Amino acid sequence: MAEGTASGQEVRLETERLLLRPWQVSEAAVQRELWLERDPRVPPHRRIGAGGRPTIADIEEWIRASRPSTTGLLAVQRKDAGDVIGYCGLVDSDAPDDGPELAYELLRRVWGQGYATEAAQAVLDWAKASGFERLCATVWDWNVASRRVLAKLGFVETERTVEARGTNLRTSRPL
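Let me begin by describing the structure that accompanies this report.

Here is what the cut-offs are and how they apply
- Counting restarts for each chain: residues are numbered from 1 in the order of the written sequence.
- The predicted origin of the model limits local features to residues at a pLDDT of at least 70 and limits the giving and counting of side-chain atom pairs to 80 or more, whereas totals for whole chains, interfaces and linings rest on all residues.
- The side-chain quantities take in all heavy atoms of the structure and omit both hydrogens and water.
- Whether a residue is buried, partly exposed or exposed follows from its accessible area with a 1.4 Å probe, protein chains only, as a fraction of its type maximum: under 20%, in between, or over 50%, in that order.
- The secondary structure listing takes helices from DSSP runs of H or I that are at least 4 residues long and strands from runs of E that are at least 2 residues long, numbered from the N terminus.
- Note on contacts: a residue pair is in contact if any heavy atoms of the two residues lie within 4.5 Å.
- Think of it this way: DSSP has to see at least two bridges between two strands before they count as a pair.
- Nonpolar cores were defined as sets of buried Ala, Val, Leu, Ile, Met, Phe, Trp, Tyr and Cys residues, with membership established by side-chain atoms within 4.5 Å.
- Pairing of aromatic rings covers Phe, Tyr and Trp, the last through its six-membered ring, and needs centres within 6.5 Å; plane angles under 30 degrees mean stacked, over 60 mean edge-to-face, and all others mean tilted.
- Lysine NZ or arginine CZ positioned within 6 Å of the ring centre and within 35 degrees of the ring normal marks a charge as sitting over the ring.
- Relevant arc is that of directions from the helix axis to the C-beta atoms, nothing else.
- By definition, a salt bridge exists where a carboxyl oxygen of Asp or Glu is found within 4 Å of a side-chain nitrogen of Lys or Arg.

Some thoughts on helix H1 (residues 28-37)
Line of reasoning, step 1. Those residues of H1 that sit buried are Ala-28, Val-30, Gln-31, Arg-32, Leu-34 and Trp-35.
Line of reasoning, step 2. Buried residues along H1 sit against helix H2 (56-65), strand E5 (84-91) and strand E6 (101-106).

This is the structure we're talking about:
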């Protein structure tokens, strides 16, 4: 079970092993590492471009410009090591009837340790406590690990869209 607090609109969630909180400018390199590690099947606009963008400076500016809201991607920090290992949170969905979209991404070096499920469960608990009635999540069919995380959390497939890079699955679940 996650515990969460919100001061103003700033969300901080805590689980047994993790702290989910707003990003700090000094952590821009972690976000860039996530961009660098992305599978080549991820659409080009979500990977580092030929010009090397986004740069760490670009990401630092994004963090500075972000404003607290009821949606957003929180840094996932391990309590024991104190390091930031990725993000998890809610983003606006292109299908408002499905509620906001759960999104998460962790550095490869921590895959397979249950952190994605733990962080996502904390976000689900917070979303429910915040009055959301439903969440959605999209995932590529080839992303088997993320599909397992979503299944553990009770998301069910509601739609498939075949694209050049694979089949994109839309999932959702009531809260």
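Here's the deal with the pairing of E6
Line of reasoning, step 1. Extensive coverage of E6 is indicated by the burial of six of its six residues.
Line of reasoning, step 2. Judged from the six bridges that link them, E5 and E6 form a sheet pairing that is antiparallel. In the strand pairing of E6, Gly-89 is matched with Ala-103.

Re the nonpolar core
Line of reasoning, step 1. Leu-13, Leu-20, Val-76, Cys-88, Leu-102 and Phe-155 are the most contacted members of the largest nonpolar core, which totals 30 residues.
Line of reasoning, step 2. Counting residues per element, the ones that place at least two in this core are strand E2 (10-14), strand E3 (18-21), strand E4 (72-78), E5, E6, helix H3 (115-129), strand E7 (134-140) and helix H4 (144-152).
Line of reasoning, step 3. If you tally residues by element for this core, the top one is H3, at nine residues.
Line of reasoning, step 4. Here Val-76 is in contact with Leu-18, Leu-19, Leu-20, Asp-83, Val-84, Ile-85, Gly-86, Tyr-87, Cys-88, Leu-106 and Ala-119, once residues within four sequence places are set aside.
Line of reasoning, step 5. Within the second largest apolar cluster, 12 residues are counted, among which are Ala-28, Val-30, Ile-59 and Ala-75.

Description of the packing of aromatic side chains
Aromatic ring pairs are described here by two measures, namely the spacing of the ring centres and the angle between the planes.
Line of reasoning, step 1. On inspection of all chains with the given rule, the structure shows three aromatic pairs.
Line of reasoning, step 2. Positioned above the aromatic ring of Trp-35 is the side chain of Arg-38, whose terminal nitrogen or guanidinium carbon lies 4.6 Å from the ring centre.
Line of reasoning, step 3. Positioned above the aromatic ring of Trp-142, the side-chain terminus of Arg-41 is 4.1 Å from the ring centre.

Regarding H2
Line of reasoning, step 1. Inspection of H2 places Asp-58, Ile-59 and Ile-63 among the buried residues, and these make up the whole buried set. The buried residues of H2 all sit within an arc of 140° when viewed along its axis, so they share a single face.
Line of reasoning, step 2. Contact partners of the buried residues in H2: H1.

Things to note about the pattern of salt bridges
Line of reasoning, step 1. If you walk through the whole model with that rule in mind, you get 13 salt bridges.
Line of reasoning, step 2. Between Arg-38 and Glu-105 there is a salt bridge, with the nearest N and O atoms lying 2.6 Å from each other. Of this pair, Arg-38 sits in the loop between H1 and H2 while Glu-105 is found in strand E6, placing the two residues 67 residues apart along the sequence.
Line of reasoning, step 3. You can call Glu-105 buried: its relative accessible area is 16%.
Line of reasoning, step 4. When the shortest N-O distance is used, the salt bridge between Asp-83 and Arg-109 registers 3.3 Å. Of this pair, Asp-83 sits in the loop between E4 and E5 while Arg-109 sits in the loop between E6 and H3, and the two are 26 residues apart along the sequence.
Line of reasoning, step 5. Each member of the salt-bridge network shares a partner with another, and the members are Asp-94, Asp-98, Arg-134 and Arg-170.

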